[in-house]
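# Analysis of the macromolecular model
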Amino acid sequence: MDFLTERGFFVEGIFLILAAILLPAAGAALSYVIKKSSIRNCIVVITSIAMMVVSSYFAYVLYKNGGQMVIETEKIPFDLGWIIKLIDIALLVYIVFLGFKLKNILVWVLAGIQLAVTVGFEVFNKVVEPHAAFVIDYLSLIMLLLSSIIGPLIIIFATGYMKEHEEHQHLKKSRQPKFFFVLFIFLAAMNALAVSNNIMWFYLFWEVTTLCSFLLISHDGSEMAIKNATRALVLNMAGGVAFIFGIVVLYKVTGTLSLQDISMFQTTGAVKGLVPLGLALLCFAGFTKSAQFPFQSWLLGAMVAPTPVSALLHSSTMVKAGVYLVVRIAPAFSGTILGHVVAFVGGFTFMAASALAISQRNGKKVLAYSTIANLGLIICCAGIGTHVALGAAILLIIFHAISKGLLFLCVGTIEHGIGSRDIEDMQGLMKKMPFTTVITVIGMISMLLPPFGVLITKWMAIEASVNLPIVLIPIIIGSAFTVVFWAKWIGIILTMSYKVKHPVEKLPFSTKATLSILVAGVLAASVGIIPLFNKLISPELGIFKLVDKLGLVGEKGGVWMTNGTTTITGGFASLPFFLIIFALMFTIPFFLYKTKPDNIKPPYVCGELANDDIRGIEFMGPMDKIENSVVHNYYFKGVLGENKLTLWTNLVAIASILIMFGVVVK
Amino acid sequence: MNIYVKILIIVGVILLAPIVGGLLSGIDRRITARMQNRFGPPLLQPFYDFFKLMGKERIAVNQTQMVYVLGYLLFAVASLIMFVMRQDLLMLIFILAFSNISIIMGAMSVRSPFSKIGAQREIIQMMAYEPVLLLMVVGIFLTTKSFMIESVFTHSRPLIYDLPLVFAAFIFILTIKLRKSPFDFSTSHHGHQELVKGLTTEFSGPQLALIELTHWYELILILGLISLFFAKPIWVGIIIALACYFLEFVIDNISARMTWKWMLKITWLVGIGAAITNIAWLYLKR
C-alpha cells in the first residue's frame, strides 16, 4: 500500500468512526433542543436513516480493506485519550452525585470506588496507551450494524408509541425531548463501544450505557420506575467495579490495554500469574450487564419503562454489550477451567431462566426471561470457546437481537391495542389485531423452531458442548423448557373463534413500518444464514485463532461441521425447510378462501353447546343453566414460580461465580 | 450416493412408509383386540378408515386448522426423509418437534376445553421426553464421534453395546411418543373419557385422515430409530424394532392411564437418570 492510499484509508476510517459516534450524538442534541414534536420526529427519522447508511458504508469499507481496520493512536491528530479520561471522570462524578440524590449508599460507594481507581490508575500513573485505538473486525461490524439498524428502527417506532404513551399518562409537558436524547446517546455509546480497542475507552462507553439505561428505566418517574432503575444502576455499578479492577490487574501483569492483545493472550502465551483473575473480573462485569443469574433482577425490573426502552435494552444494546465483551475475550480462556466455569454459569442461566419463564403470565416478563436465557446461552458458548461454540454465540447475538427487538415492539403494540400484557388476555387476538398477530407469531416461531436461526444456534450449542457434560445437561433441559413457554403462548395467540371475521387493524404508520421491516429482517437473516455465516462469522473465527481443530463451513444449503478432516460430523441443510415453511404460509390464504362459512361449525362441548350464536364456549349445565367454560394454560406456579425457584437458582449462581473466582486465584 | 438414487429412495419412502405404518397399526388393533378377548377389525381397517375420512364433508371449527395439520404431516415426512438420507440426528429430533408443535397449535387454535387441555398435556409430554431424545443423540455422538446417522452404519459394532441404558430410556419414552397407556393422557384411546379425544377432538374428516397418516410416518421413523441401536445387520434391527412395538401393545393393555405429574416425575427420574448414567460412563471411558 503506498502512502497516499494508506493515508486515504486512515482518513476514511476515522471519519466513519466519528460519523458512527457523533451522528447519533448530534441527533440526541437536536432532539433535546427542539420542543415541537413534528419537527423533532423528522430529525429523529433523518438521524436514524443516516445511521443506517453510515453503518452500511462501514461494512463496505471493511470488506474493501480485507476485514480488519486499525486506527493507530499516534495518528489521531488530537489527544483523544485525555478527552476520554475527562469525560470518564465527569461521568463517574455525576453518578456519585446521583447516588447522593437517590440517597442510595451503594450507588455512590460503588461509583466512588470506580472514580478513585480510575483517577489513581489513569491520572497519577503513566499508562502506556495501546498502539491501536480503534480496531474494527467482523464482530465489531456486527455489533455496529445491530445497534445502527435495529436501534434506529426502535427509535422510529418510539415516535408513534411515545405519543400514545403520553396520552395515556395525561402529561402536561411532554418529556419526549429528554427521552429521545438519551436513546440516541445510548446508540452513540454502543457504536463507540463496538469499535474501541483501548479497553479504558471501552470502559467509559460501557458506563455511559449503564447511566443511559438508568435514565431510560426511570423515565416515567413513578416510584416503581425509580426503584427499579436504581437497582439496575447498583448492579451495573458492581459490574463496573469488577471491570475497572479487571483492567488494572491485566495491565499490571501484562502492560497492555489493547482488547485485541487481551483476546490473543493464549496464542501469545501471556496467560500467567493473575491474568486469569483479570479475565474472570471482566467476565463478571459481562454477567452483570447481560443480567445473568443472580443479577437478573435488574433486567426484569426494567420492563416498567416504556416498550421501546425494553426493546432496545433487550435486543441490540445494553445486554449485548455484556455478551460482546465476553465473546471478545473468549479466545483468551478458550479450553481452560475458567472457560468451563463461565460456560456453566451461562448454561445454568439458560436453564433457570427458561424454567422461570414457564410460570409467567405477563408477556413482557416471559420475553425478559427468554432474553436472559438466550444471553446465558451466548455466554455458555463463549465459555466453551471452540469454533462451533463461538460461531453459535455470534450467530445467536444476531438472531436474538432481531427477533427480540421485534417481539418487544409487538407486545407493546398489543398492549396498546387490548390494554393488557397478560398472556391469557391475548386469546382470539387474530380477531382484533390480525396484522400484529401474524407478525408476533412469526417472531415467536423464529425463537423456537427449526429452520430459523435461533434454533440453529441452539443445535450448534448442543453439538459444541457434547464434550462438557456439566454444560450439556443444563442446555438440554433448558431447551425442553423453552419449547413449553413459547408453545403455550403461541397457542393462545392463535386461538381463533369459529365465526368468520375479517377486521382491519388501525396502527400508526411508524409502528406498521418498523414491525414490517423487522419481520422481514427476521426472515432474511434466517434464510440467508449461509452468506451470513460465510461473510461474517467464518472470517471472524479465523481472526480468533482458536486451538480446536473442528471445522465449520456454510455450503450445500446449510451449515456443516467437520472433525478437522473432510468427514462431516454434523450439519443441517436449512434452506429446503424454508420451502416447506413458505409453502405452508401460502396455504393459509388458500384455506381461508376455500372454507365455506357453512362448513364452519362450533366446537364440540360434549354436545351441550348452549347457543350457536355466542362464542361457542358456553354450554348447558345441569338444570339447563348456562355455564361458561374457561381454559387456561398451565403455569406450574407451585413448582416453577418465582417465589419458589428464584432463591435456589440465585444460590447456585452465586456459588458458581464464587467457583469461577476460586479457580483463578492461585 | 447418486442424485437419482437419492430421489428414488425419497419417493420410495414417501410412498411405502404409510403402507407399512398402516399395516402395523392394523396389526396393533388386531393384537390388542385379541388381548382383550375381542375378535378385532380386519387387518386393513386403518386404510378403510383413512379413505372413508378422506371422503367426508370438509367441516372445520376454524379456517386455519388444515394448515396446522399440513405442518404436522410435512415436517414428520421431512424428518423421515432426513432419516433415510442419514442426516444430522440432532436436527432430525428438532424437526420432529416442529411437527408435534404444529399439531399442538392446531388443537389450541380452537376454543374447545377438550382440545385445549389435550394440547397442554401434549406440551408437558414433550417437555418430558425431549431431554431423553437429546441425550440419546449425545450418547450416539459419544460412541460414533459424529452426529450424522451415516456414522452409525459405519461404526464398528452395534450401538447397543455402548448404550444399553440410553436404549432403555428411549424405549421408555416410546410409550409417551406413541400415546399409549399409561401415558395416553393427551389423546385418550377411548372417546368417552374425561378428555373425549383430547388433542384431536376438534379435527374431523380429511384433517383427521391426515393426522392418522402422519402417525404412520411417525411410527416408521420411531421404529427406524430403534433399529439404529442394532444396525448391522439391518434385519436384526428391524426385528428388534418390531419386537419393541409388540412390547408397547402389551404395556398399553396391562396398564391404566396415569396422571401427567406422575409421568413427568418418572420420565425425568428414570428416563433422564438412566440416560445420564450411561453417558457418564462413556465420558469416563474416553
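Below is a summary of the structure that appears in this document. Just so we're clear, the structure is a prediction, and the values are computed from it rather than from any experiment.

This part takes up the layout of surface pockets. The space that makes up the second largest pocket amounts to roughly 900 Å³. A:Val438, A:Val441, A:Leu494, A:Ile588 and B:Tyr68 are the residues nearest the centre of the second largest pocket, which is lined by 35 residues in total. Of all elements in the fold, only helix H18 (429–432), helix H19 (434–448), helix H21 (469–494) and helix H24 (575–594) of chain A together with helix H3 (65–84) and helix H4 (89–108) of chain B reach the threshold of two or more residues within the lining of the second largest pocket. Broken down by element, the lining of the second largest pocket gets its largest block of residues, 6 residues, from H19(A).

Okay, empty space enclosed by the protein next. For the structure shown, the criterion picks out 7 cavities of 30 Å³ or more. If you add up the space inside the largest cavity, you get close to 90 Å³. What lines the largest cavity is simply A:Leu448, A:Leu449, A:Pro450, A:Leu455, A:Lys458, A:Ser479, A:Ala480, A:Val483, B:Phe94, B:Ala97 and B:Glu130. Those elements that provide at least two residues to the lining of the largest cavity are helix H20 (453–464) and H21 of chain A together with H4 of chain B. When residues of the lining of the largest cavity are assigned to their parent elements, the largest contribution, 3 residues, is made by H21(A). Classifying every residue of the lining of the largest cavity gives 8 nonpolar, 1 polar and 2 charged. Empty space within the second largest cavity amounts to approximately 60 Å³.

Before going further, it helps to examine the pairing of strand E3 (residues 551–555) of chain A. All names here are of chain A. In the sheet, E3 pairs with strand E4 (residues 558–562) via 5 bridges, with the strands oriented antiparallel. Paired with Leu552 across the strands is Met561, a residue of E4. The hairpin formed by E3 and E4 contains 2 residues between the paired strands, and Lys556 there has a positive phi angle of roughly 45°.

The next thing to look at is the interface of chain B and chain A. When the parts of a complex come together, some accessible area is lost, and that lost area is often taken as the interface size. Taken together, the contacts link 60 residues of chain B with 68 residues of chain A. Together chain B and chain A conceal approximately 5,800 Å² of surface at their shared face, both sides included; 76% is due to carbon and sulfur atoms. Of all residues in chain B, the largest losses of buried area upon contact with chain A belong to B:Gln63, B:Met91 and B:Arg111, amounting jointly to 15% of the total for that side. Joining chain B to chain A, the criterion identifies 0 salt bridges. The interface formed by chain B and chain A includes 8 residue pairs in polar contact (both at pLDDT 80 or more). Those elements giving two or more residues to the side of chain B that touches chain A turn out to be H3, H4, helix H5 (113–144) and helix H10 (260–285) of chain B. No other element matches the 17 residues that H5(B) contributes to the side of chain B that touches chain A. Across the side of chain B that touches chain A, the residue classes break down as 40 nonpolar, 10 polar and 10 charged.

A separate point is helix H11 (residues 275–289) of chain A. All names here are of chain A. Relative to the 21 Å expected for 15 residues at 1.5 Å per residue, H11 spans 22 Å between its end C-alpha atoms, a close match to the ideal helical length. Burial runs high along H11: 15 of the 15 residues are buried. Ala291 sits one or two residues past H11 and shows a positive phi near 55°.

Residues and elements named next belong to chain A. For Arg40, the position within the fold is in helix H2 (residues 37–64). Buried charge without a salt bridge: Arg40, with Glu166 as the nearest opposite-charge side chain at an N-O distance of 6.4 Å. Aside from chain neighbours lying at most four places away, what touches Arg40 is Ser31, Ile34, Lys35, Ser174, Gln176, Pro177 and Phe180.

With that out of the way, let us pick up unusual backbone geometry. A negative phi angle is the norm for most residues apart from glycine, just as the trans form is the norm for most peptide bonds. For the peptide bond that leads from A:Phe293 to A:Pro294, omega is 0°, which places it in the cis range. Mapped onto the elements of the fold, A:Pro294 is located in the loop between H11 and helix H12 (297–301). Omega for the peptide link from A:Pro450 to A:Pro451 comes to 5°, which places this bond in the cis form. Even without a glycine there, the phi angle at A:Lys103 is positive, about 55°. Even without a glycine there, the phi angle at B:Asn37 is positive, about 60°.

So, on to the environment of B:Lys197. Residue and element names in this part refer to chain B. By the element assignment, Lys197 lies in the loop between helix H7 (164–177) and helix H8 (205–228). Overall, Lys197 belongs to the partly exposed group, its relative accessible area being 31%. Measuring from C-alpha to C-alpha, the distance between Lys197 and Ile276 comes to 35 Å, with 79 residues separating the pair along the chain.

Opposite charge on two side chains allows them to pair when their charged atoms are near. All names here are of chain B. According to the stated counting rule, one finds 15 salt bridges over all chains in the structure shown. The salt bridge involving Arg157 is made with Asp162; its shortest N-O contact spans 2.8 Å. On the basis of relative accessibility, which here comes to 38%, the residue Arg157 falls in the partly exposed class. The exposure class of Asp162 is buried, given its relative accessible area of 8%. Glu218 is the partner of Lys177 in a salt bridge, and the nearest nitrogen-oxygen pair spans 3.4 Å. Residue Lys177 is located in helix H7, and its partner Glu218 is located in helix H8; the two are separated by 41 residues in the primary sequence.

Formed by 354 residues in total, the largest nonpolar core has its most connected members in A:Phe58, A:Phe243, A:Val327, A:Trp489 and A:Met660. Sorting elements by how many residues they give to this core places helix H17 (residues 387–418) of chain A first, with 20 residues.

The next point concerns the sheet that holds E4(A). Residue and element names in this part refer to chain A. Reading across the sheet, the 3 strands line up as E3-E4-E5 and stay open at both edges, with antiparallel pairing between neighbours. The outermost strands of the open sheet, each flanked by one partner alone, are E3 and strand E5 (568–573). Adjacent strand axes in the sheet meet at a mean angle of 15° when their direction is disregarded.

Moving on, we come to the environment of A:Leu518. All names here are of chain A. Here Leu518 shows up in helix H22 (residues 509–527). Given a relative accessible area of 2%, Leu518 falls into the buried group. As a C-alpha pair, Leu518 and Ser315 span 203 residues in sequence and 12 Å in three-dimensional space. Leave out the neighbours within four places in its chain, and Leu518 touches Ile150, Leu153, Ile402, Gly405, Leu406 and Leu409.

Before going further, it helps to examine the packing of helix H8 (residues 223–254) of chain A against H11(A). Two packed helices can be described by the angle between their axes and the distance between those axes. Residue and element names in this part refer to chain A. Relative to each other, H8 and H11 sit at 160°, their axes nearing to 8 Å. Between H8 and H11, the crossing angle belongs to the class labelled roughly antiparallel. In this structure, the crossing between H8 and H11 has a hand that is left-handed. In terms of residue class, the contact of H8 with H11 is built from 15 nonpolar, 6 polar and 1 charged.

Attention now moves to the packing of aromatic side chains. Under the criterion given, the structure shown has 38 aromatic pairs over all chains. Ring plane angle 50° and centroid distance 5.9 Å describe the contact between A:Phe284 and A:Phe661, whose orientation is recorded as tilted. Of this pair, A:Phe284 sits in helix H11 while A:Phe661 sits in helix H26 (residues 642–664), and the two are 377 residues apart along the sequence. By relative accessible area, which is 16% here, A:Phe284 ends up buried. For the cation-ring pair, A:Lys289 lies above A:Trp206, with the distance from its terminal atom to the ring centre recorded as 4.7 Å. Over the ring of B:Phe153 we find B:Arg86; its NZ or CZ atom is 3.9 Å from the centre of that ring.

We now examine a nonpolar patch on the surface. All names here are of chain B. A cluster of nonpolar side chains, Leu16, Ile19, Val20, Leu23, Ile27, Leu43, Leu44 and Tyr48, forms an exposed patch at the surface whose accessible area comes to about 660 Å². The element contributing the most residues to the nonpolar patch is helix H1 (residues 3–35), with 5 residues. Here Leu43 is to be found in the loop between H1 and helix H2 (45–54). For Leu43, a relative accessible area of 38% gives the class partly exposed.

Conventions used here
- Counting starts from 1 at the beginning of each chain's written sequence and moves along it residue by residue.
- Whichever chain is written first becomes A and whichever ligand is written first becomes 1, with later ones labelled in order.
- Where local features are concerned, this predicted model is filtered to residues with pLDDT of at least 70; where side-chain atom pairs are given and counted, the filter is 80 or more; whole-chain, interface and lining totals use all residues.
- For side-chain calculations, the full set of non-hydrogen atoms in the structure is used, while hydrogens and water are omitted.
- A cavity, in this analysis, means grid points on a 1 Å lattice covering only the protein atoms where a 1.4 Å probe fits yet has no way out; a pocket is instead an open set bounded by protein on both sides within 12 Å along at least five of seven lines, and a residue lines either one if it has an atom within 4 Å of a point.
- Grid points are joined across faces, edges and corners, and a volume is the space filled by probe spheres set on the points.
- The numbering of helices and of strands both runs from the N terminus, where a helix is a DSSP run of H or I of at least 4 residues and a strand a run of E of at least 2.
- Residues are grouped as follows: Ala, Val, Leu, Ile, Met, Phe, Trp, Tyr, Cys and Pro are nonpolar; Asp, Glu, Lys and Arg are charged; every other residue, Gly included, is polar.
- The pairing criterion is simple: DSSP has to find at least two bridges between the two strands.
- A contact between two residues is defined here by any heavy atoms of the two lying within 4.5 Å.
- Accessible area that two parts lose when put together, evaluated with a 1.4 Å probe and summed over both, is termed the buried area.
- When a carboxyl oxygen of Asp or Glu is within 4 Å of a side-chain nitrogen of Lys or Arg, the pair counts as a salt bridge.
- Within 3.5 Å is the distance limit for a polar contact, defined as a pair of N or O atoms, with the added protein rule that one can donate a hydrogen and the other accept it, and that residues adjacent in sequence qualify only through two side-chain atoms.
- A helix is expected to reach a length of 1.5 Å times the quantity of its residues less one.
- Buried, partly exposed and exposed residues are distinguished by accessible area as a fraction of the type maximum, computed with a 1.4 Å probe on protein chains only: under 20%, between the cut-offs, and over 50%, respectively.
- We score Asp and Glu as negative and Lys and Arg as positive, and we do not count His or the chain ends.
- Nonpolar cores were defined as sets of buried Ala, Val, Leu, Ile, Met, Phe, Trp, Tyr and Cys residues, with membership established by side-chain atoms within 4.5 Å.
- Axis definition: a line fitted to C-alpha atoms, limited for helices to the stretch in contact. Angles are taken between N-to-C directions and run from 0 to 180 degrees.
- Under this scheme an angle from 65 to 115 degrees is roughly perpendicular, one under 35 degrees roughly parallel, and one over 145 degrees roughly antiparallel; angles in between are oblique.
- Throughout, a crossing is termed right-handed when the near helix is turned clockwise from the far one, and left-handed when it is turned anticlockwise from it by less than a right angle.
- When two rings of Phe, Tyr or Trp (its six-membered ring) have centres within 6.5 Å they constitute a pair, described as stacked for plane angles under 30 degrees, edge-to-face for angles over 60, and tilted for the intermediate range.
- A ring is considered to have a charge above it if a Lys NZ or an Arg CZ atom is located within 6 Å of its centre and within 35 degrees of its normal.
- Distance thresholds for patches are 9 Å for like charges and 5 Å for nonpolar side chains (Val, Leu, Ile, Met, Phe, Trp, Tyr), applied to residues having over 30% relative accessible area and no salt bridge.
- For every accessible area listed, the method is Shrake-Rupley and the probe measures 1.4 Å; residues are considered covered only by the protein chains on display.

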